[in-house]
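Examination of the molecular architecture
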Number of protein chains: 2
Amino acid sequence: MSGKTQHRVFEFVRDRILSGSVPTVREVQRAMGFRAVQSAQEHLDALVAEGLLEKTPRISRGYRLPEHHSSAFMIPLLGRVQAGGLEDAVEDPEGYIAVDGHPSRSRLFALKVRGESMKNAAILPDDIVIVRQQSSAEHGDIVVALIDDQATVKRLKVTRDTGGSIRVELHPENPDFSPIIPVADLHILGKVIEVRRQYEASVFYDSDVS
Amino acid sequence: MSGKTQHRVFEFVRDRILSGSVPTVREVQRAMGFRAVQSAQEHLDALVAEGLLEKTPRISRGYRLPEHHSSAFMIPLLGRVQAGGLEDAVEDPEGYIAVDGHPSRSRLFALKVRGESMKNAAILPDDIVIVRQQSSAEHGDIVVALIDDQATVKRLKVTRDTGGSIRVELHPENPDFSPIIPVADLHILGKVIEVRRQYEASVFYDSDVS
DNA sequence: GAAAATACCAGACAAATGTCTGGTAGTCAA
DNA sequence: TTGACTACCAGACATTTGTCTGGTATTTTC
């Protein structure tokens, strides 16, 4: 980054892109207080030349952050996921959350965990799991599956019984719950690739305190 | 959502917005195969009227997803935090991660957890904690404190002993570890407000499998 | 000191873009 | 049949926006 103004331009553009609205050249101009469009344009060109920004020529708001600098984007936080799969649920998300560092941009969604069945895998109620959409998974993956018309988070186990036939089970990570052996078809919605838990609003209670 | 075409328009626009590039009216037109701009415009107007989209009039690519007011931004992921506090560590972050929904933009940083001392609080080694910088905290908060020139994540407990004097302890959430009762000054770096764990790269091993 | 580089400004033009008016064809209910 | 409604089309216009040419100071480099 050459100069100080350059840096300010970059910060402005990066913040705008991260917040979801790419600025126009003239918006950069105004934000920096330039009286000429060209001043902003030149800084932007310089940033592109330095590899800090990327752009698509001639299309409005065509600036992007190179992959390694952000890859941040928003994915839907779904409410109820029930029979019928994701299509309906994606229709009506509870909100959106920012993720980064994941390649499969479009096939991600987030879900709030219900119940304590994955407690021993350090996944608690109200945690948010980020899920990559896929219809199959491997042994050991934590997956979101549709059981009894309800989305549930479980560990997938694929074993081979004495007869040599393959056996698929969904294991909770909590001794109080029993494994689920799907009789019919197992509908896997996706694989959990990240877990998040926010403490901010939560209230901690400790009986030791008077 | 009125009709089927409406639905396709919404899906197209939503996917484009989530992937970071808001489409223009004419891009919607072309994607849908309309021969008139107005056809796309009307569908977009309808979606706005239904509350599925929001827009800023007269500005290009001015469509947004509702409740998308979440301003995502990047915070530094720190490497070693040692004596001397945060200042030095923030200088040289290992990288940046995207967060959203938190108000205190500038006073956030992220840290990778080492050790299993918070296992029973569902915080595992290599988890990433997002920390709000503050020098004091309340009973029950999970905090990052500087112990022996090393940043550590613990539960803060403030109790009152029989004499009535206040007693501050840092509790691990793992029976294999002992509580820390700081003799001298306790240097709190901040409060943990979020925990994240990524599974993507991790390898799950289960001895049941041949 | 001259040449090059930096950092900005003024003004313009063509394309992209949001928006408008006024159509047609089909469906559905009264 | 009529009228309302939906879904689309044709064409146009005013801004917005990316891009360009040509300028002026100031600083840096040789």
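Here, every reference points to the structure presented above.
Being a predicted model, the structure only gives us computed values, none of them experimental. (Residues numbered from 1 in each chain as written. Chains lettered and ligands numbered in written order. Predicted model: local features only at pLDDT ≥ 70, side-chain atom pairs only at ≥ 80, totals over all residues. Heavy atoms only, no water.)

**With respect to the protein's contact with DNA strand C**
Let me state the cut-off plainly: One heavy atom suffices: a residue is near a molecule or strand as soon as one of its heavy atoms comes within 4 Å of it. For the purposes of these results, a polar contact is taken to be a pair of N or O atoms within 3.5 Å, where, inside protein, one atom must be able to donate a hydrogen and its partner to accept one; residues adjacent in sequence count only when each atom of the pair is a side-chain atom. Helix numbering and strand numbering both begin at the N terminus, where a helix is a DSSP run of H or I of at least 4 residues and a strand a DSSP run of E of at least 2. Three residue categories are used. Nonpolar comprises Ala, Val, Leu, Ile, Met, Phe, Trp, Tyr, Cys and Pro, charged comprises Asp, Glu, Lys and Arg, and polar comprises the others, including Gly.
Close contacts around DNA strand C come from 23 residues, with A:His43, B:Val25, B:Arg26, B:Lys55 and B:Arg61 the closest. A breakdown of the atoms of DNA strand C within 4 Å of the protein gives sugar and phosphate a share of 53%. One of the backbone nitrogen or oxygen atoms of B:Val25 is found 2.8 Å away from a phosphate oxygen of DNA strand C. Sorting elements by how many residues they give to the surface near DNA strand C places helix α3 (residues 37–49) of chain A first, with four residues. Of the residues that constitute the surface near DNA strand C, the class distribution is six nonpolar, nine polar and eight charged.

**Describing helix α1 (residues 4–18) of chain B**
All names here are of chain B. Put simply, the rule reads: Multiplying one less than the number of residues by 1.5 Å gives the expected span of a helix. Only protein chains enter the area calculation, which uses a 1.4 Å probe; residues under 20% of their type maximum are buried, those over 50% are exposed, and those in between are partly exposed. An arc is given here, and it is the one of the directions from the helix axis to the C-beta atoms.
The first and last C-alpha atoms of α1 sit 21 Å apart over 15 residues, in line with the 21 Å expected at 1.5 Å per residue. Among the residues of α1, Gln6, Val9, Phe10, Val13, Arg14, Ile17 and Leu18 are the ones counted as buried. One side of α1 holds all its buried residues, which, seen down the axis, span an arc of 150°. The positive-phi residue at the C-terminal boundary of α1 is glycine 20, with phi of around 100°.

**Quick look at helix α2 (residues 25–32) of chain B**
Residue and element names in this part refer to chain B. Using the following cut-off: Contacts are assigned to residue pairs that have any heavy atoms within 4.5 Å of one another.
Every buried residue belonging to α2 is among Val25, Glu27, Val28, Gln29 and Met32, and all of these are buried. Residues of α2 that are buried make contact with α1, α3 (37–49) and β2 (63–64). One or two steps after α2, the chain reaches glycine 33, where phi turns positive at roughly 80°.

**Structural notes on the environment of B:Asp45**
Residues and elements named next belong to chain B. Along the chain, aspartate 45 turns up in helix α3. For aspartate 45, a relative accessible area of 36% puts it in the partly exposed group. The spacing of aspartate 45 and lysine 55 is ten residues in sequence and 9.2 Å in space, taken between C-alpha atoms.

**Some words on the protein's contact with DNA strand D**
DNA strand D sits among 23 residues. The nearest are A:Val25, A:Arg26, A:Lys55, A:Arg61 and B:His43. Contact distances for DNA strand D include 2.8 Å between a phosphate oxygen and a backbone N or O atom of A:Val25. B:His43 has a polar side-chain atom sitting 3.1 Å from a phosphate oxygen of DNA strand D. Among the elements of the structure, α2 (25–32) and α3 of chain A together with α3 of chain B are those that each provide at least two residues to the surface near DNA strand D. Broken down by element, the residue count for the surface near DNA strand D peaks at four residues, all from α3(B). Its residues assigned to classes, the surface near DNA strand D shows six nonpolar, nine polar and eight charged.

**Observations regarding the packing of α1(B) against α2(B)**
Residue and element names in this part refer to chain B. Heads up, the condition is: Note on definitions: angles span 0 to 180 degrees between N-to-C directions of axes, and those axes are lines fitted to C-alpha atoms, for helices only across the stretch in contact. By definition in this entry, angles of less than 35 degrees are roughly parallel, angles greater than 145 are roughly antiparallel, angles of 65 to 115 are roughly perpendicular, and the rest are oblique. A clockwise turn of the near helix away from the far one marks a right-handed crossing, whereas an anticlockwise turn of less than a right angle marks a left-handed crossing.
α2 packs onto α1 with a crossing angle of 125° between their chain directions and a minimal axis gap of 10 Å. Taken together, the axes of α1 and α2 are oblique relative to one another. Crossing angle aside, the handedness with which α1 passes α2 is right-handed. Where α1 abuts α2, its residues Arg8, Val9, Phe12, Val13 and Arg16 lie against Glu27, Val28, Ala31 and Met32. Per-class residue counts for the contact of α1 with α2 are six nonpolar, no polar and three charged.

**Focus on unusual backbone geometry**
Residues and elements named next belong to chain A. Its identity as a non-glycine residue notwithstanding, arginine 58 has a phi of 70°, on the positive side. The topology assignment puts arginine 58 in the loop between β1 (54–55) and β2 (63–64). The exposed category is assigned to arginine 58, whose relative accessible area is 82%. Of note in this structure, arginine 61 is not a glycine but carries a positive phi near 50°. For arginine 61, the location among the structural elements is in the loop between β1 and β2. Residue classification places arginine 61 among the buried positions, given a relative accessible area of 12%.

**Considering the pairing of strand β9 (residues 166–171) of chain A**
Residue and element names in this part refer to chain A. Note the threshold: Two strands qualify as a pair provided DSSP detects at least 2 bridges between them.
Judged from the six bridges that link them, strand β8 (residues 150–160) and β9 form a sheet pairing that is antiparallel. The residue of β9 that forms the bridge with arginine 155 is histidine 171. In sequence, β8 turns back onto β9 through a hairpin of five residues, with glycine 164 there showing a positive phi of about 95°.

**Quick word on the packing of α2(B) against α3(B)**
Residue and element names in this part refer to chain B. Between α2 and α3, whose axes approach to 8 Å, the crossing angle comes to 105°. As judged from the angle between their axes, α2 and α3 are roughly perpendicular. On α3, the residues touching Val25, Arg26, Val28 and Gln29 of α2 are Val37, Ala40, Gln41 and Leu44. Considered class by class, the residues forming the contact of α2 with α3 number five nonpolar, two polar and one charged.

Functional significance is not addressed by these values, which are geometric in nature.
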